Number of protein chains: 2
Amino acid sequence: MSRGVPEATLARLPVYLRALTTLDAGGGATVSSEELATVAGVNSAKLRKDLSYLGSYGVRGVGYDVEYLRYQISRVIGLTEDRPVVIVGVGNLGHALGGYSGFANRGFRVIALLDADPRRAGDLVGDHVVRPVEDLPDVVATGGPCIGVITTPAEAAQDVADRLVAAGVRSILNFAPAVLAVPDGVDVRNVDLSLELQILAYHERRRPAPLAEGAPAGLAPVGPA
Amino acid sequence: MSRGVPEATLARLPVYLRALTTLDAGGGATVSSEELATVAGVNSAKLRKDLSYLGSYGVRGVGYDVEYLRYQISRVIGLTEDRPVVIVGVGNLGHALGGYSGFANRGFRVIALLDADPRRAGDLVGDHVVRPVEDLPDVVATGGPCIGVITTPAEAAQDVADRLVAAGVRSILNFAPAVLAVPDGVDVRNVDLSLELQILAYHERRRPAPLAEGAPAGLAPVGPA
DNA sequence: GCGACTTTGTGCTCCCGTTCACGAGTACCT
DNA sequence: AGGTACTCGTGAACGGGAGCACAAAGTCGC
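Residues numbered from 1 in each chain as written. Chains lettered and ligands numbered in written order. Predicted model: local features only at pLDDT ≥ 70, side-chain atom pairs only at ≥ 80, totals over all residues.

Chemist: I'd like a rundown of the protein's contact with DNA strand C, residues and numbers included.
Modeler: Around DNA strand C there are 27 residues in total, and P6(A), G61(A), S33(B), G58(B) and G61(B) lie nearest to it. At the level of elements, helix 1 (7-26) and helix 3 (44-52) of chain A together with helix 2 (33-40), helix 3 (44-52) and strand 3 (63-65) of chain B are the ones that each hand at least two residues to the surface near DNA strand C. Ranked by residues supplied to the surface near DNA strand C, first place goes to helix 3 of chain B with 5 residues. In the surface near DNA strand C, the residues fall into 10 nonpolar, 9 polar and 8 charged. (Near = placed C-beta within 6 Å. Helix = DSSP H or I, 4+ residues; strand = E, 2+ residues; numbered from the N terminus. Nonpolar A, V, L, I, M, F, W, Y, C, P; charged D, E, K, R; others polar.)

Chemist: Outline the interface of chain A and chain B, supporting the account with residue identities and numerical values.
Modeler: Counting residues at the interface gives 57 residues for chain A and 59 residues for chain B. Those elements giving two or more residues to the side of chain A that touches chain B turn out to be helix 1, helix 2 (33-40), strand 4 (83-88), helix 5 (92-98), helix 6 (101-104), strand 10 (171-174), strand 11 (187-190) and helix 9 (193-205) of chain A. Per element, the largest residue contribution to the side of chain A that touches chain B is 13 residues, and it comes from helix 9 of chain A. Looking at the side of chain A that touches chain B residue by residue, the class counts come to 34 nonpolar, 12 polar and 11 charged. (Contact = placed C-beta atoms within 7 Å.)

Chemist: Describe the protein's contact with DNA strand D, listing the residues and the values that go with them.
Modeler: Contacts to DNA strand D come from 27 residues, most closely from S33(A), G58(A), G61(A), R60(B) and G61(B). Of all elements in the fold, only helix 2, helix 3, strand 2 (58-59) and strand 3 (63-65) of chain A together with helix 1 (7-26) and helix 3 of chain B reach the threshold of two or more residues within the surface near DNA strand D. Class assignment of the residues belonging to the surface near DNA strand D gives a composition of 11 nonpolar, 9 polar and 7 charged.

Chemist: Could you give me a rundown of helix 9 (residues 193-205) of chain B, with the residues and numbers involved?
Modeler: Residues and elements named next belong to chain B. Counted at 1.5 Å a residue, the expected span for helix 9 with its 13 residues is 18 Å, and the 19 Å between its end C-alpha atoms agrees. Burial runs high along helix 9: 10 of the 13 residues are buried. Every buried residue of helix 9 is listed here: L193, S194, L195, E196, L197, Q198, I199, L200, A201 and Y202. (Expected span 1.5 Å × (residues − 1). Buried ≥ 20, exposed ≤ 12 C-beta atoms within 10 Å, placed from the backbone.)

Chemist: Can you break down the packing of helix 7 (residues 136-143) of chain A against helix 8 (residues 154-167) of chain A residue by residue, with the values?
Modeler: Residues and elements named next belong to chain A. Where helix 7 contacts helix 8, the axes come no closer than 9 Å and their chain directions differ by 40°. Compared by their axis directions, helix 7 and helix 8 come out oblique. As for the relative orientation of helix 7 and helix 8, their crossing is right-handed in sense. Contact with helix 7, carried on its side by L136, P137 and V140, involves R163, L164 and A167 of helix 8 and no other residues of that element. Looking at the contact of helix 7 with helix 8 residue by residue, the classes come out as 5 nonpolar, no polar and 1 charged. (Axes fitted to C-alpha atoms, helices over the stretch in contact; angles between N-to-C directions. Parallel < 35°, antiparallel > 145°, perpendicular 65-115°, else oblique. Left-handed = near helix turned anticlockwise from the far one by under 90°.)

Chemist: Talk me through the sheet that holds strand 1 (residues 30-31) of chain B; I want residue IDs and the actual numbers.
Modeler: All names here are of chain B. Reading across the sheet, the 3 strands line up as 1-3-2 and stay open at both edges, with antiparallel pairing between neighbours. One side of each edge strand has no neighbouring strand; the edge strands of this open sheet are strand 1 and strand 2 (58-59). The pairing of strand 2 with strand 3 spans 2 bridges and is classified as antiparallel. The partner of V59 across the bridge, within strand 3, is G63. (Pairing = 2+ DSSP bridges.)

So, in structure tokens, the structure goes:
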């Protein structure tokens with residue numbers, strides 16, 4: 001059922017979608033869970049269970065119809081219609097996201113870039129003119145229910161979050177290294193770039209005897225079994 | 001014990017570290033788990049359990065010494081020494097990360113930016129001159145055990161990953177929307193920007209309740225249709 | 001010194017997610 | 001038609017993490 005997809009599954013659906021898109025170009029009209037799982041980098045049983053939450057879109061003995069499955073996943077995630085995005089904070093990262101083609105390709109449309117610094121207002125980033133952060137209510141009112149992206153320094157993040165919420169935004173993607181306080185009903189996801197590095201650093205540090213081979217690394221065939 | 005911190009805990013340690021840093025400026029020499037948990041946005045019991053994996057650094061009836069705890073977490077994560085980072089792919093995102101101050105502040109030092117496009121080689125990004133991707137072995141050999149960051153388009157990601165592994169890199173942070181195949185012993189973390197948006201879009205779509213100014217703090221039954 | 005108070009550290013339970021293993025349904029060959 | 005090979009869907013076992021509640025341990029006031 002499309003009612004109530006587990007959070008862990010939901011996080012993998014976009015990956016399956018990507019995998020299907022690459023396979024679609026490949027020609028084959030159907031895929032087995034085994035193939036698709038390999039491309040998506042997961043266990044085939046997990047893949048099947050994940051897909052079963054959406055409904056029975058596979059055919060036993062055959063596999064899944066690539067095109068159909070792709071549509072179904074898109075539908076569940078809600079990508080069948082374009083979704084507007086506003087980016088607040090036109091620093092390095094905001095600048096990059098404003099020009100990131102990966103958003104448009106996946107049904108997201110950046111409708112505005114805003115910045116608190118009045119000197120930045122008026123700058124041109126890609127197709128967009130940077131607007132002052134005070135314009136938020138107008139932007140959201142015009143653009144419909146949209147997703148707010150915060151790419152400001154940590155100090156400004158909470159203020160921006162408050163403004164977004166006040167403007168009616170209920171989904172926030174936060175790149176600032178700060179914990180945001182928002183009212184119930186508002187969904188916040190945090191992406192902390194240095195956090196990821198720190199996790200990697202931890203694991204790297206716990207590998208005591210790694211370099212045994214004379215050569216740093218040969219062209220080890222990457223066969224994940 | 002610092003041997004074997006659970007993965008979920010590990011992901012929160014950097015958040016605690018941030019919280020401690022902000023508190024440190026605030027003056028108080030000690031914090032209770034309750035305070036720190038509030039700032040970090042987690043449950044106090046969870047915080048205590050997390051910290052207990054590192055050792056008994058708190059004092060009952062008093063709390064945790066801010067400075068000491070900060071050092072201990074840094075030590076466990078492995079941030080007491082600078083860690084070199086190489087960024088491959090100088091597009092929008094690579095450009096942004098190359099100039100991101102959040103890395104330097106947390107013990108990561110970008111030692112090189114590389115790109116496969118020879119026309120980009122020689123460009124100046126921040127303090128760094130962009131080098132051709134063929135220089136990877138040299139860079140890694142000189143810089144020591146470092147973390148590789150992939151900010152290329154998806155098509156180039158696997159090739160870059162192979163090059164990184166061949167050069168001896170065993171920790172990779174991948175921003176390209178692609179699943180990387182790497183040999184055992186190499187750690188890959190994926191950050192997919194549009195994946196996060198897709199998850200938000202799903203939740204947004206499942207909220208039938210239109211936004212009314214009167215806060216829906218109560219358990220509003222989420223009636224379908 | 002002693003009791004009251006504060007706060008940590010942790011045993012225990014519950015729940016979510018992963019994985020295995022197998023029944024059920026489909027296609028194809030003889 | 002019957003048998004065989006293949007693949008999905010899922011019940012059940014398993015493991016890890018979250019949260020509760022409390023005992024242990026320390027501080028403070030007198």
